[in-house]
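Topology and contacts: notes
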Amino acid sequence: MVKLSTVSAIILASFLVVAVLTPTPAAAEPFQWVRIGDIDGFGFSLTRGLVRPVPGVGPGPADTNDNGTLEPDEFLPDLNADGGVWFRGDDNFDNRSQAERANTGHACQGCQDVGEATGGSRWTDLALSPTATASDWPDINGPAMPNSAAFIFDFTVARGDITPGGTIFFNLVFGDYDIDPAVVRLRFANAAPRILRIPNQQIRGLDGLIQVRTANLRFDEVFTADADGNWHGRAVVIFDAPADPFTAFDYVELSLAAEVAALSQ
Ligand SMILES: [Ca+2]
Ligand SMILES: [Ca+2]
Ligand SMILES: [Ca+2]
Ligand SMILES: [Ca+2]
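Report on the accompanying structure. (Residues numbered from 1 in each chain as written. Chains lettered and ligands numbered in written order. Predicted model: local features only at pLDDT ≥ 70, side-chain atom pairs only at ≥ 80, totals over all residues.)

A word on the overall build of the protein chain. Helix and strand counts for the protein chain come out as three helices and eleven strands. Listing the helices and strands of the protein chain from first to last along the sequence gives α-β-α-β-β-β-β-β-β-β-α-β-β-β. Burial analysis of the protein chain (265 residues in total) assigns 37% to the buried set. Taking all contacts inside the protein chain whose residues are at least 6 apart in sequence as the whole, residues at least 24 apart take part in 75%. (Helix = DSSP H or I, 4+ residues; strand = E, 2+ residues; numbered from the N terminus. Buried ≥ 20, exposed ≤ 12 C-beta atoms within 10 Å, placed from the backbone. Contact = placed C-beta atoms within 7 Å.)

Here we take up the nonpolar core. Leu76, Leu172, Phe174, Ala235, Val237, Ala248 and Leu254 are the most contacted members of the largest nonpolar core, which has 50 residues in total. Once residues lying within four places of it in the same chain are set aside, the contact partners of Ala235 are Phe153, Leu186, Phe188, Val222 and Leu254. (Core = buried A, V, L, I, M, F, W, Y, C linked by C-beta atoms within 7 Å.)

What follows covers the sheet that holds strand E1 (residues 33-37). Spatial ordering of the open sheet is given by E2-E1-E11-E5-E8, a layout of five strands whose pairing is antiparallel. Each edge of the sheet is formed by a strand with only one pairing partner; in this case those strands are strand E2 (106-109) and strand E8 (210-218). Across the sheet, the axes of successive neighbouring strands diverge by a mean angle of 10 degrees, strand direction being ignored. Two strands pair when backbone bridges link them, and strand E5 (residues 167-175) and E8 are joined in this way by nine bridges, in the antiparallel orientation. The residue of E8 that forms the bridge with Gly175 is Ile210. (Pairing = 2+ DSSP bridges. Axes fitted to C-alpha atoms, helices over the stretch in contact; angles between N-to-C directions.)

Moving on: the environment of Asp176. Turning to its location among the elements, Asp176 is positioned in the loop between E5 and strand E6 (183-188). C-beta crowding within 10 Å serves as the criterion here: with 28 such atoms nearby, Asp176 is assigned to the buried category. Separated by 49 residues in the primary sequence, Asp176 and Ala127 have C-alpha atoms spaced 9.8 Å apart. Contact partners of Asp176, with chain neighbours within four places excluded, come to Leu76, Val85, Gln201, Gly208, Leu209, Phe246, Thr247 and Ala248.

Once that is clear, we can look at unusual backbone geometry. With an omega of -5 degrees, the peptide bond running from Met145 to Pro146 counts as cis. Inspection of the secondary structure assignment puts Pro146 in the loop between strand E3 (113-114) and strand E4 (150-157). Along the chain, Asp180 connects to Pro181 via a cis peptide bond; the corresponding omega equals -5 degrees. Topologically, Pro181 is positioned in the loop between E5 and E6.

Here the focus is the pairing of E2. Of the two faces of E2, the one lined by His106 and Cys108 is fully buried and the one lined by Ala107 and Gln109 carries no buried residue. Relative to E2, E1 runs antiparallel, the two sharing four bridges. Each residue of the ladder has a partner; that of Ile36, found in E2, is His106.

This brings us to the pairing of strand E7 (residues 194-197). Judged from the four bridges that link them, E6 and E7 form a sheet pairing that is antiparallel. Bridge pairing in E7 places Val183 opposite Arg197. As consecutive antiparallel partners, E6 and E7 are separated by five residues.

Bringing the environment of Arg48 into the picture now. Considering the arrangement of structural elements, one finds Arg48 in the loop between E1 and helix H2 (98-101). The class of Arg48 is exposed, set by 9 C-beta atoms lying within 10 Å. Between the C-alpha atom of Arg48 and that of Gly68, which follows or precedes it by 20 residues, the distance is 7.3 Å.

In this section: the environment of Asp78. Assignment of secondary structure puts Asp78 in the loop between E1 and H2. Along the primary structure Asp78 and Val51 are separated by 27 residues, whereas in three dimensions their C-alpha atoms are 5.7 Å apart. In contact with Asp78, not counting residues within four places along its chain, are Val51, Arg52, Pro53, Gly83, Gly84, Val85, Asp91 and Gly208.

What follows is the structure in structure tokens.
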């Protein structure tokens, strides 16, 4: 048996220490999505018995396809069953989780880091209504109108965990837009802002309608390379609806998948 010299032993020990102390890098996970709020049908966990407003397709369940989740093309519930969804009729709801109230109800699949500026979950799963009684209201002026929801994405994807140049899909799920005007304003770190138009539900004669606004964003609108060669994503989303006294949001996301994730859950 070869006896190790003292120097060799020290070098070997050093390698062992380094090997023990160096964390094994997590398996690189490709970027999939970053989301503010959650996909849970505005936080209504039990949809059986929730009725939709009457104007439009008439009386019936709010969860039209009875799959347990309120989704686009379905309806916010007429909670007091007076026929309509509005701010006067006790249709207010606050289904936010503790994390959502704390503005930390966001998640990412495939991010290296989600920045502290990311936020907006406090606007989700909540009826934005001037008659709301929530004490921790997301708007500094309280429930009085306007209640223009604001969301900030600030995150980093490691170089190699996303392929530059692809399309980034924007998905925003909201309910009961029926009083003009309203637009979705998008602002980026290094690209011109966008204004996304949304259809008033009255065009279809529907009250309480849940809609999804999608948009195809360019990679270079959302991402810029940081000093380390990683990709910094930045977008600010404002639902600018100064005159609508009742709206609600389920979630907003930036995703590589075009399909709204709720439909595959
Ligand atoms: Ca459904
Ligand atoms: Ca009602
Ligand atoms: Ca409304
Ligand atoms: Ca939600």
